[in-house]
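Results of the structural survey
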Amino acid sequence: MEDTRLALVVLVPLVGAILSYVLGRAAPRIAGILATAAVATSFCFVVSLWQALEGGQTFSFTLSSWLSFSNIKLPLEIYFDKLSAVMCLVVTGVGSLIHLYSIGYMAHDESRPRFFSYLNLFIASMLILVLGKSLPVIFIGWEGVGLCSYLLIGFWYTNPDFASAGRKAFVMNRIGDLGFIVAMAILYHSCGSLDITVLNRPEVLARIPSEMGFIAGIALFLAATGKSAQLPLFTWLPDAMAGPTPVSALIHAATMVTAGIYLMARMFGVIELAPLVPAIILWTALATSAIAAIIAISQNDIKKVLAYSTVSQLGFMFLAVGVGAYSVALFHVVTHAFFKACLFMSAGSVIHGCHHEQDMRRMGGLAKSMPLTCLSYGAATLAIAGIAPFAGYFSKHAILESLAHAHNPYLHSYGELIGLGATAIAICTAFYMTRSFILTFLGSYRGEGHPHEAPMVMTAPVLVLAVLSVVGGLVLNHGFFTYLQGPLPPVATHSGGGILGSVLGSVPGLIGIAAAYALFIVTPAVKDQIRKVLWVGEKVSSGKFFLDEILGLLVIAPFRGLSVVVSRVLDQSVSIGTGNAIGGISRAVGELTCRVTTGQVSTYVLWMFASAAFLLYCFLPVR
Amino acid sequence: MTIPWPPLSSLIVVPALGALVCLAPWFSSKIDTKARFVRLWALGVSMLTLVILAAIARAATMSHGAVLGLEEAHQWIPSLGITYHLELDGLSFAFCLLTAIISLAVIAWSAKPASAGAGWYALLLLGEATVMGAFLATDLVLFYIFFEAMLLPVLGAMALWGGAQRLNASLKFLIYTMAGSALMFLAILYLGWTARAMGHTLDGNFAFEITTLASMKMLNPTEELVLGLAFLLAFAIKIPMVPFHGWLPDTYREAPHGVAAFTAALLGKVGIYAILRFMWPLFPTFMVQAGPYLAAAGAVAVVFGALVAMAQKDLRSLLAYSSISHLGFCVLGIAGVSTMAMTGAVFQAVSHGLITAALFLTVGAVIDRQGSRDFDRLGGLARSIPLTAFFLMVFSVAAVALPLTSSFVGEFLIIVGSWKLFPAWTTVALLGVVLGAVYTLTAYLRTMFGPLHDTDPRTGGDIRGFDVVVLAGLAAAIIALGIFPADLLGMISPAVEVNAVPSVVADSSVALGFSR
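Because the structure is predicted, anything quoted here is derived from the model rather than measured.

Some points on the overall build of chain A
- Scanning chain A from N- to C-terminus turns up 28 helices and two strands.
- Restricting the contact set of chain A to residue pairs at least 6 apart, pairs at least 24 apart contribute 80%.
- In the form shown here, chain A has an accessible surface area of approximately 23000 Å², with 69% of it arising from carbon and sulfur atoms.
- Between the centroid of the 34 positive side chains of chain A and the centroid of its 28 negative side chains there is a distance of 5 Å.

Here's the deal with the packing of aromatic side chains
- According to the stated counting rule, one finds 41 aromatic pairs over all chains in the structure shown.
- Relative to Phe-520 of chain A, the ring of Phe-431 of chain A has its centre 6.1 Å away and its plane inclined at 50°; by these criteria the two rings are tilted. Taken together, the residues span a long stretch of sequence, with Phe-431 of chain A in helix α20 (residues 415-441) and Phe-520 of chain A in helix α24 (residues 507-522) at a distance of 89 residues.
- Between Trp-120 of chain B and Trp-161 of chain B the ring centres are 5.7 Å apart and the planes differ by 65°, which places this aromatic pair in the edge-to-face class. Placement of Trp-120 of chain B in helix α4 (residues 118-136) and of Trp-161 of chain B in helix α6 (residues 151-161) is noted, with a sequence separation of 41 residues between them.
- Residue classification places Trp-120 of chain B among the buried residues on the basis of a relative accessible area of 2%.
- Classification of Trp-161 of chain B as buried rests on a relative accessible area of 13%.
- A cation over an aromatic ring shows up here: Lys-396 of chain A above the ring of Phe-316 of chain A, its NZ or CZ 5.4 Å from the ring centre.
- Sitting over the ring of Phe-466 of chain B, Arg-39 of chain B keeps its end group 5.6 Å from the ring centre.

What about unusual backbone geometry?
Residues and elements named next belong to chain A.
- The linkage connecting Leu-231 with the following residue, Pro-232, adopts the cis geometry, with an omega of 0°.
- Take Pro-232: it is sitting in the loop between α9 (210-227) and α10 (236-239).
- Cis geometry marks the peptide bond from Ala-388 to Pro-389, where omega comes out at 0°.
- Within the secondary structure layout, Pro-389 lies in the loop between α18 (371-385) and α19 (391-404).

Here we look at helix α11 (residues 245-254) of chain A
All names here are of chain A.
- Burial of α11 is extensive: 10 of the 10 residues sit out of reach of the surface.
- Every buried residue of α11 is accounted for by Thr-245, Pro-246, Val-247, Ser-248, Ala-249, Leu-250, Ile-251, His-252, Ala-253 and Ala-254.
- Buried residues in α11 make contact with α3 (82-105), α4 (112-131), α5 (135-153), α10, α15 (302-322) and α16 (326-353).

A short note on the interface of chain B and chain A
- Between chain B and chain A, the residue contacts involve 75 residues of the former and 69 residues of the latter.
- Interface area for chain B against chain A, summed over the two sides, is near 6500 Å², with a carbon-plus-sulfur share of 78%.
- On inspection of chain B and its partner chain A, the count reaches one salt bridge.
- Across the pair Arg-383 of chain B and Glu-110 of chain A runs a salt bridge, and its minimum N-O distance is 3.4 Å.
- Joining chain B to chain A, the criterion identifies 14 residue pairs in polar contact (both at pLDDT 80 or more).
- Among the residues forming the side of chain B that touches chain A, the class breakdown is 57 nonpolar, 13 polar and five charged.

Describing the pattern of salt bridges
Residues and elements named next belong to chain A.
- Enumeration according to the criterion identifies 15 salt bridges over all chains in this entry.
- Between Lys-168 and Asp-548 there is a salt bridge, with its nearest N and O atoms 2.8 Å apart. Taken as a pair, Lys-168 in helix α6 (residues 160-191) and Asp-548 in helix α27 (residues 547-594) lie far apart in primary sequence, 380 residues in all.
- Judged by relative accessible area, which is 33%, Asp-548 ranks as partly exposed.
- Each of Glu-143, Arg-174 and Asp-177 takes part in a single network of salt bridges with overlapping partners.

About the criteria used
- Residues numbered from 1 in each chain as written.
- Chains lettered and ligands numbered in written order.
- Predicted model: local features only at pLDDT ≥ 70, side-chain atom pairs only at ≥ 80, totals over all residues.
- Heavy atoms only, no water.
- Helix = DSSP H or I, 4+ residues; strand = E, 2+ residues; numbered from the N terminus.
- Contact = heavy atoms within 4.5 Å.
- Areas by Shrake-Rupley, 256 points an atom, 1.4 Å probe, with all protein chains shown as cover.
- Lys, Arg positive; Asp, Glu negative; His and termini not counted.
- Charge placed at Lys NZ, Arg CZ, Asp CG, Glu CD.
- Phe/Tyr/Trp six-rings, centres within 6.5 Å; stacked < 30°, edge-to-face > 60°.
- Buried < 20%, exposed > 50% of the residue type's maximum accessible area, 1.4 Å probe, protein only.
- Lys NZ or Arg CZ within 6 Å of the ring centre and 35° of its normal.
- Buried area = accessible area lost by both parts, 1.4 Å probe.
- Salt bridge = Lys/Arg side-chain N within 4 Å of Asp/Glu carboxyl O.
- Polar contact = N/O pair within 3.5 Å; in protein donor to acceptor, adjacent residues only side chain to side chain.
- Nonpolar A, V, L, I, M, F, W, Y, C, P; charged D, E, K, R; others polar.

This is the structure:
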């Protein structure tokens, strides 16, 4: 059913992006208000559409006939079903709160019209991504959010490191995009369509040859690893923390990085064509999640801890994708959006309050000076640690439970190992998050100056998200999986397991919290002992598994070298070689046609014209 | 045979006459008001050409439905069977539209060499006339004349107002293109002679008109191979395809900004156009055999151009090699019989013309302002010239083929369309998508981001006035074609099918899956 509200959902933030820049340059104060209002308006439209969804009903809207010509049909059409509804609600809902927060956070930045313009552009792109009715339309949003991410990471572009971080993010995402394009090419030729409502039909999927099905699945997963920061393409995300903190909260935690999960859920039919693909997803997700969790333990920059934790949590979502529990993955997307946005925004308040200090070693004791922020950060920490009844518990528990039901021929008998590994990561998560909480808020203040609580415009949205981090899981737990049945395959229903089950399910989180508490508060001496014993581990962890160096050595350096060789050696010799050949040809033609060469190129070019004319003349008497 | 009103010839005659008027002695005086007047005159002429083209297209689509197919034919040299035959179909229209827009943009751009007077505009208008002619002519001799004549304005402008190495560069350019076209000219004569010898023509005369020649099917495979190679060499040099690109870096480095924009946007496109217009109908068997090699050449050019561009530190050289890379996609697109890929290639050619002209002009503004084109001496300009930085960002984003820009449409159709025919080469070409992002963003990073370098600006300030209109117009065209490409695609695809595809499909000896 066509519905203009759907067009407005996307167009309002787009117009907001233009207005907040144009009008914001005249009066910088209104840029933030305009941008926030635009996203909030979009949120209202989404809610009204969501309310109107009944049963299997969907809405759609065609913006342009786009790539439709001859007998090719690829219109620019957007589409609203229950899966899009969930994503749109998160994007615009959490997006509105982060816009509001940014008004306070960016209050003293002279470039804030540009900031809010980019932020609105991001929302519009993200909405196109989750609303696209065909893969090329999704790709519009996919690239759009990549561009906004690039622009916002390098927002403070006078710092060349920040600008380089933006470029790194864009290029690494581009590598993933190759997968997206290849998948589109394969699916188009096999299925004759790129419409998502067509592609998941069994009779259409049956047309894909099996080896092509495997390549398409892997290609889509490659695309997802780029955007959702999984191995081998995750090192851009920690660097992306160069952007302003609201950007980290919105783009690099709550919304954009979950696009890969969304793509997997949308294309589940293709992902499951070859059982090897989900197996590869499972192992990649487990490795990414574990590596990121280990790195997070040794980070001292509060934003870096959260960044690695995001990578780790995204790995958790991919674990659910790998066992076919797409709605469980989506559930974790939603709860993660709540608590991770809350964590990032609390961290932003801390950074704001500590005068742009990000190193936790120069924080401490902030619970006294920033009580509201401490409360929010604490609630979100308990949520991410997976303590019942906080939001993260329900989604994390559902993932662990679905892992137990995994059946994939390629897992052989390692299925339980994955569940065990995931539990260990959950303990680890609780440990490093508690560590960051202790270092930031407990003990005594180790920095300089006087930290202060953030203004109301910043604390209010953080508190809203804190409340969602507390109750969000409990509220959504019952209806969520059944709601998404239709666009997504059903999963075994989870109940959270009653009181006893909740207590048992919280055990990994409690272990992690207790360990961190013991090591950082009760017996710091033991912690130093452990660090001495595990010094290799600490080196690896704080060195971030040397992934940047390895990638630099294996990929970037060869290409740079190739580039130099090709341009200095190949290009030069080819130019000279063909140059001589071309000279030879002209000489031969010249001699053939007139047999007069003066050895001077200029006269000889003249001769070429003359000889050509002569030749033409020669044909005359033939008749 | 329909002769539309205004006639197709007006697309050639109007700018040519306009160029002649520019040379009138009244204009060549050094008085300032007259210098301004000649610019307005040239602007008016190029605008009129664009209007005429739009009027013709509009009239044609009104009377013939969506597909354009206008012809204009006169006897010219009857004793030799040479005709004056022009045709405007969707294929020609796409390129003529590009020519009209680029000419207008380059003429309207305020920066021109200091010593250039009325002659600058005369040469640009002459360039417009000859390139238009090349895109309209269907008689091979007529095409050849335009194909050669369009060199003159470019060479003239480069030799008169180019950089320090201008004469060297001009000579190199001349020799390369002449070498290719000389062989093509011999091939054209051979075709005409064969047509007469076989007695296929009505009056027993030579024939050079493309549809007449193509319908004869008079060539044996060996002839097709030899003649096809002769044609291909001419176009490979013109596009240019690797390894025939030796002239390009010098030309793009030494030519004045406007001429570099004009050359990069238009001259190479004649090669792409001519392969579709002449080679597919004339040598279908050869083209099918050459397809995989052509696809390979295209894919290699994409990667080669991108790798060399990555190593450049000179902004203009970077643009030159990125052009080689982007045109590699076009070559890949015209290598195989797929409506999707071929239509995409034509669209990509138009899109690349718009984007590369815009980039040459914008980069020219940066170079003129800073007095340097070297990355190491630029940096941090986003703060001092924000409007230029904004436009450079828009065009860079378009160059890396982000969706909703025109180049995405072209590259997407080429890649998806070629995938079935040449999966391996398409995959190789895809590498260019990543490398393209690397060198484009690096160039942007080094010029616009980072701390402001302590160079002293030669001319103050950001772009302003008419130049903003020019860049905004080009940006609007690029984005409009990115969001609403369907009309143009719908014009191109039937023309491509008529020209290239049926000659192969009808030939049952060629077993080839018709793929879309």
